[in-house]
Amino acid sequence: MRTVGDLRALRACVRAWKQEGRRVGFVPTMGNLHAGHFSLIELARRQADRVVASVFVNPTQFGPGEDFERYPRTLAEDSVGLVEHNCDLLFAPAVETMYPFGSGHALRIHVPDVGDALEGEHRAGHFDGVATVVAKLFAMVEPDVAVFGQKDWQQLLVVRRLVRELALPLEIIAGPIVREADGLAMSSRNRYLDAQQRAHAPALHAALEWMRESFVEGHALGAIEGAAKRRLERAGFVPDYAVVRRAEDLAVPDEGERSGLMALVAARLGGTRLIDNLFFDLP
Ligand code: PAF
């Protein structure tokens, strides 16, 4: 695996592959890679002849007081993991490469509607930062296909909308959530949890399962959402939201609507904010 930080080297490598007729897959990450990321690399490998991963902790998607400074930066370990998972090229740019005018003066892309709800409400500006960096990464890497994890479902919708509106010539593929044995969705932020918090953390996934069961039993959505928040509070979380939405656009479902739904939760455990979601594959 080659590692490059420089745009010219990245382009030379990817363009040479394309001239050979190779299909290029891309997995953008912020590093601190775990089994969830590696499953996306494997998925990209099945979709493409060459796989590029990026590691860049993007300052513009963190709000004031969020964890940008303490976000785990583990490039050496990430690099070993990527080699083990057959990645061909690691792009690890400096901030100046991504933001030549400084991250505080960067152009910003706002994705309305699907970017404004849920995370958009609780993390103002977050998706502007995500959409901006993802658009830049796509322009730099020029992939044929890019893979995003479903744990960040709303991010996936934001990226799909970005690609459609800018008519970008690439395909977006979603990789399933990878969970720990006790149900906790894998996340780089899990490493912030102390032992006691880690023991409580699976309650987030349990709340999603409970929401699905309650929905199947026919309970009203408002009641399910309220009760899910209370369950999370009893488990030691401070919830931002616990909702049932249409998966395709995060709209509030009509009464009686039963297909294409999912539950989404975001909650803090101590200083750590976790998100998760679950499709309602209803009988
Ligand atoms: O999901 C992430 O890790 C980040 O939001 C992404 C897509 C790499 C953009 O910085």
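Below, the structure is looked at part by part. (Residues numbered from 1 in each chain as written. Predicted model: local features only at pLDDT ≥ 70, side-chain atom pairs only at ≥ 80, totals over all residues. Heavy atoms only, no water.)

Focus on the packing of helix 9 (residues 203–216) against helix 10 (residues 221–234)
Thinking step 1. Contact geometry of helix 9 with helix 10 gives a least axis separation of 10 Å together with a crossing angle of 155 degrees. Relative to helix 10, the element helix 9 is oriented roughly antiparallel. Taken as a pair, helix 9 and helix 10 cross one another with a handedness that is right-handed. Two secondary-structure elements touch here, helix 9 through A203, L204, A207, W210, M211, S214 and F215 and helix 10 through L221, I224, E225, A227, A228, R231 and L232. (Axes fitted to C-alpha atoms, helices over the stretch in contact; angles between N-to-C directions. Helix = DSSP H or I, 4+ residues; strand = E, 2+ residues; numbered from the N terminus. Parallel < 35°, antiparallel > 145°, perpendicular 65-115°, else oblique. Left-handed = near helix turned anticlockwise from the far one by under 90°. Contact = heavy atoms within 4.5 Å.)

So, the packing of aromatic side chains
Thinking step 1. Under the defined criterion, the tally for this structure stands at 7 aromatic pairs.
Thinking step 2. Ring pairs connect the aromatic residues F26, F138 and F148, which therefore count as one cluster.
Thinking step 3. Here the guanidinium or amino end of R70 rests over the ring plane of Y192, the centre of that ring lying 3.8 Å away.
Thinking step 4. The side chain of R73 reaches across the aromatic face of F68, ending 4.8 Å from its centre. (Phe/Tyr/Trp six-rings, centres within 6.5 Å; stacked < 30°, edge-to-face > 60°. Lys NZ or Arg CZ within 6 Å of the ring centre and 35° of its normal.)

A look at the site of the ligand
Thinking step 1. The environment of the ligand is formed by P28, T29, M30, N58, Q61, V133, F148 and Q155.
Thinking step 2. A distance of 2.6 Å separates an oxygen atom of the ligand from a polar side-chain atom of Q61.
Thinking step 3. Within the side chain of Q155, one N or O atom sits 2.7 Å away from an oxygen atom of the ligand.
Thinking step 4. In isolation the ligand offers 290 Å² of accessible surface; the protein chains occlude 88% of this area. (Near = heavy atom within 4 Å. Polar contact = N/O pair within 3.5 Å; in protein donor to acceptor, adjacent residues only side chain to side chain. Areas by Shrake-Rupley, 256 points an atom, 1.4 Å probe, with all protein chains shown as cover.)

Regarding the nonpolar core
Thinking step 1. Ranked by internal contacts, the top residues of the largest apolar core, which has 47 residues, are L10, V52, F138 and I172.
Thinking step 2. Elements supplying a minimum of two residues to this core: helix 1 (7–19), strand 2 (24–29), strand 4 (89–91), helix 6 (126–141), strand 5 (145–149), helix 7 (153–165), strand 7 (238–246) and strand 8 (261–269).
Thinking step 3. Sorting elements by how many residues they give to this core places helix 6 first, with 10 residues. (Core = buried A, V, L, I, M, F, W, Y, C linked by side-chain atoms within 4.5 Å. Buried < 20%, exposed > 50% of the residue type's maximum accessible area, 1.4 Å probe, protein only.)

A look at unusual backbone geometry
Most peptide bonds take the trans form, and the phi angle of most residues other than glycine is negative.
Thinking step 1. Despite not being glycine, N86 has its phi angle at roughly 65 degrees, a positive value.
Thinking step 2. Within the fold, N86 resides in the loop between helix 3 (75–84) and strand 4.

Details of the sheet that holds strand 9 (residues 272–279)
Thinking step 1. Taken in spatial order, the 3 strands line up as 7-8-9 in an open sheet, and their pairing is antiparallel. Among the strands making up the open sheet, the edge pair consists of strand 7 and strand 9. When the angles between neighbouring strand axes are averaged without regard to direction, this sheet yields 10 degrees.
Thinking step 2. Across 8 bridges, strand 7 lies against strand 8 in antiparallel orientation. Of the residues in strand 8, the one forming a bridge with Y241 is A266.
Thinking step 3. Lying over the sheet, helix 9 contacts strand 7, strand 8 and strand 9, oriented at roughly 30 degrees with respect to strand 9. (Pairing = 2+ DSSP bridges.)

Some points on the side chain of D240
Thinking step 1. Turning to its location among the elements, D240 is positioned in strand 7.
Thinking step 2. Polar contacts involving the side chain of D240 include one to the side chain of R273, which spans 2.8 Å.
Thinking step 3. In contact with D240, not counting residues within four places along its chain, are H122, K229, A266, A267, R268 and R273.

Quick word on the pattern of salt bridges
Thinking step 1. According to the stated counting rule, one finds 17 salt bridges in the structure shown.
Thinking step 2. A salt bridge links R15 to E142, with the nearest nitrogen and oxygen atoms 3.0 Å apart. Pair noted here: R15 is in helix 1 and E142 is in the loop between helix 6 and strand 5, with a separation of 127 residues, a long-range link.
Thinking step 3. Of the charged contacts in the structure, one is a salt bridge between R246 and D254, with a shortest N-O distance of 3.6 Å.
Thinking step 4. Among the residues examined, D254 registers a relative accessible area of 49% and is labelled partly exposed.
Thinking step 5. One salt-bridge network, held together by shared partners, links E119, D240, R268 and R273. (Salt bridge = Lys/Arg side-chain N within 4 Å of Asp/Glu carboxyl O.)

Regarding the pairing of strand 5
Walk down a regular strand and you will see the side chains alternate between the two sheet faces.
Thinking step 1. Counting buried positions over the 5 residues of strand 5 gives 4, a clear majority of the element.
Thinking step 2. For strand 2 and strand 5, the ladder comprises 2 bridges, and the chain directions are parallel. Directly across from G25, in strand 5, lies its bridge partner V145.
Thinking step 3. Here 5 bridges tie strand 5 to strand 6 (residues 171–175), and the two strands are oriented parallel to one another. Residue pairing in the sheet places V145 in a bridge with E171 of strand 6.
Thinking step 4. Traced from strand 5 through helix 7 to strand 6, the parallel crossover comes out right-handed. (Right-handed = clockwise from strand over helix to strand, strands pointing away.)

Worth remembering: the numbers are spatial, not functional.
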